[in-house]
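# Reading the structure
Chain by chain, the residues:
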Amino acid sequence: MSGVPTAHIWLPYTQMQGHPEPLRAVRTGGSRIILEDGRELIDAVASWWTACHGYNHPHIVMAMEKQLNAMPHVMFGGLVHEPAEKLAARLALMLPGALNRVFFADSGSVAVEAAMKMAVQYRLNRGDTGRTRFLSFRDGYHGDTLAAMSVTDPDEGMHALFKGYLPEQVIAPIPRDEQSNATFRQLLHERRDQVAAVIVEPIVQCAGGMKMHDAATLKTIAAAAKESGVLLICDEIAVNFGRTGTLFAHSQAGIAPDIICLGKALTGGAINLAATVATADVFDAFLSDRAEDALMHGPTYMGNPLACAAANASLDLFDTEPRLQQVATIEAQLQRDLAPMATLPGVVDVRVKGAVGAVQVADLHHLDWLKAQFVEAGIWLRPFGNVIYTMPPLTVTPAELSEITRAIAEILPRWSALESDTR
Ligand SMILES: *Cc1c(COP(=O)(O)O)cnc(C)c1O
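This one's a predicted model, so the numbers in the text were calculated from it and none came from an experiment.

## Examining the site of the ligand
All residues in the neighbourhood of the ligand are listed as Trp49, Ser107, Gly108, Ser109, Tyr141, His142, Gly143, Glu201, Asp235, Ile237, Ala238 and Lys264. With the chains in place, 83% of the 380 Å² that the ligand exposes on its own is no longer accessible. Taken together, the residues of the shell around the ligand sort by class into four nonpolar, five polar and three charged.

## Brief notes about the packing of aromatic side chains
Across all of its chains, the model carries seven aromatic pairs by this definition. Between Phe241 and Phe318, the ring centres sit 5.8 Å apart and the planes meet at 40 degrees, which makes this aromatic pair tilted. Taken together, the residues Phe241 in the loop between strand S10 (231–235) and strand S11 (259–262) and Phe318 in helix H9 (residues 305–320) connect sequence positions 77 residues apart. Under the relative-accessibility criterion, Phe241 is labelled buried at 1%. Members of the aromatic cluster, joined through ring pairs, are Trp49, Phe384 and Tyr389. Arg101 extends its terminal NZ or CZ atom over the ring of Phe283, reaching a point 3.7 Å from the ring centre.

## Description of the pattern of salt bridges
A complete count under the given rule lists 16 salt bridges for this structure. Between Arg90 and Asp316 there is a salt bridge whose closest N-O contact spans 2.8 Å. Taken as a pair, Arg90 in helix H3 (residues 82–94) and Asp316 in helix H9 lie far apart in primary sequence, 226 residues in all. The class for Arg90 is buried, based on a relative accessible area of 18%. You can call Asp316 partly exposed: its relative accessible area is 23%.

Cut-offs applied
By convention here, each chain's residues receive numbers from 1 onward along its written sequence. Side-chain atom pairs in this predicted model are given and counted only at pLDDT of 80 or more, local residue features only at pLDDT of at least 70, and totals for whole chains, interfaces and linings cover all residues. As a convention, hydrogens and water are excluded, and side-chain values are obtained from all of the structure's heavy atoms. Any residue with a heavy atom positioned within 4 Å of a molecule or strand is treated as near that molecule or strand. Surface accessibility follows the Shrake-Rupley procedure with a 1.4 Å probe radius. Residue values consider only the protein chains on display as shielding. Note on residue classes: Ala, Val, Leu, Ile, Met, Phe, Trp, Tyr, Cys and Pro are nonpolar, Asp, Glu, Lys and Arg are charged, and everything else, Gly too, is polar. Aromatic rings from Phe, Tyr and Trp, taking only the six-membered ring of Trp, are treated as a pair when their centres fall within 6.5 Å; an angle between ring planes under 30 degrees marks them as stacked, one over 60 as edge-to-face, and anything in between as tilted. Strands are runs of DSSP state E lasting at least 2 residues, helices are runs of H or I lasting at least 4, and numbering of each runs from the N terminus. Summary of the burial criterion: residues with accessible area below 20% of their type's maximum are buried, those above 50% are exposed, and those between are partly exposed, where the area comes from a 1.4 Å probe applied to protein chains only. Ring-over charges, as used throughout, are those where CZ of Arg or NZ of Lys falls within 6 Å of the ring centre and within 35 degrees of the ring normal. Note on definitions: salt bridges are taken to be side-chain nitrogens of Lys or Arg within 4 Å of carboxyl oxygens of Asp or Glu.

Here's what the structure looks like:
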């Protein structure tokens, strides 16, 4: 279909009026995206943080081909199948504590919706009708569906625009010191009769600007939730499977969430799949003689066998290939390469955690120019908010990563010069 304009496509997060023709991808492989015109781009963002093993990993492709021929899809209502059973059992084994009941979804947002529904109904099923709100955090992001938007940062979730339509939640800053810890604990304590759960992105709040917090902070949040008798939902969709240096980010704090959301890299970036995993305690609240106590949720394509086969193959790779070691190597290189950028004009902060590297700027002006410069340099990198960041495939080679950080180092000063021109 070469040369056909995208007259019928509505792009995400895009003002379509006057929008230039988007680039056309035709192939992927390793860390690279190949464009229709033959150009090759190193993917610095792993296709929205999904392609943790790089693209087209033969082990995942083979597993999917095998599953495709046997059974690409079958409904999950009343039927189960080996790929889903195997995946659920493996996730339960990998996750800590009593997190052992897996509800599959077809996207991260839907996994968050299911988690929120679980938390509210957990209370209702126990006869506790007042707890229908959530406590979430500034700079948090939990998806684009309406309930997920309501627990996302008010600016990012466009709370003002959708006022009256989004449920109103309790939104707090991430506590970062003694005093804000105390304020947070008090807020949660005061609202505990209305709040079903606290929802947090552990260690790195990604879409909200790659904001990082330490394990102690996460521990404080978990302890406060426990103290107030409120469930804790860890939304690991962006950080799961090694991104922050451990298989799951929350385990760095040694905490035990009641519900955890998985997604994005769950299938190694090959196909959409997400999961909401609950503890036995949460699950048990849905067991009763009453039909209406059951969890009333069921995405049509939930537990898709092809996606489960991809996820199982992706988990194999964490066993057979040195992913976490690669993350440590990426982290060291990102620290080395990005640190010198902290002193550039316009740069506010440089942050690295695992395979996440972010350069925060005061004002992300000339965004289209910036994106075009990276493409010109052979790098697929998508700055947003106030960060220029990379979350490469965990299999990115040191040479490829050098190309990414070199492009940032080379383009940033020219970008800040533009700023001084226009002022
Ligand atoms: C991407 C993301 C989601 C939403 O996932 P989708 O698959 O895009 O619906 C939810 N939570 C977090 C933390 C995410 O990064």
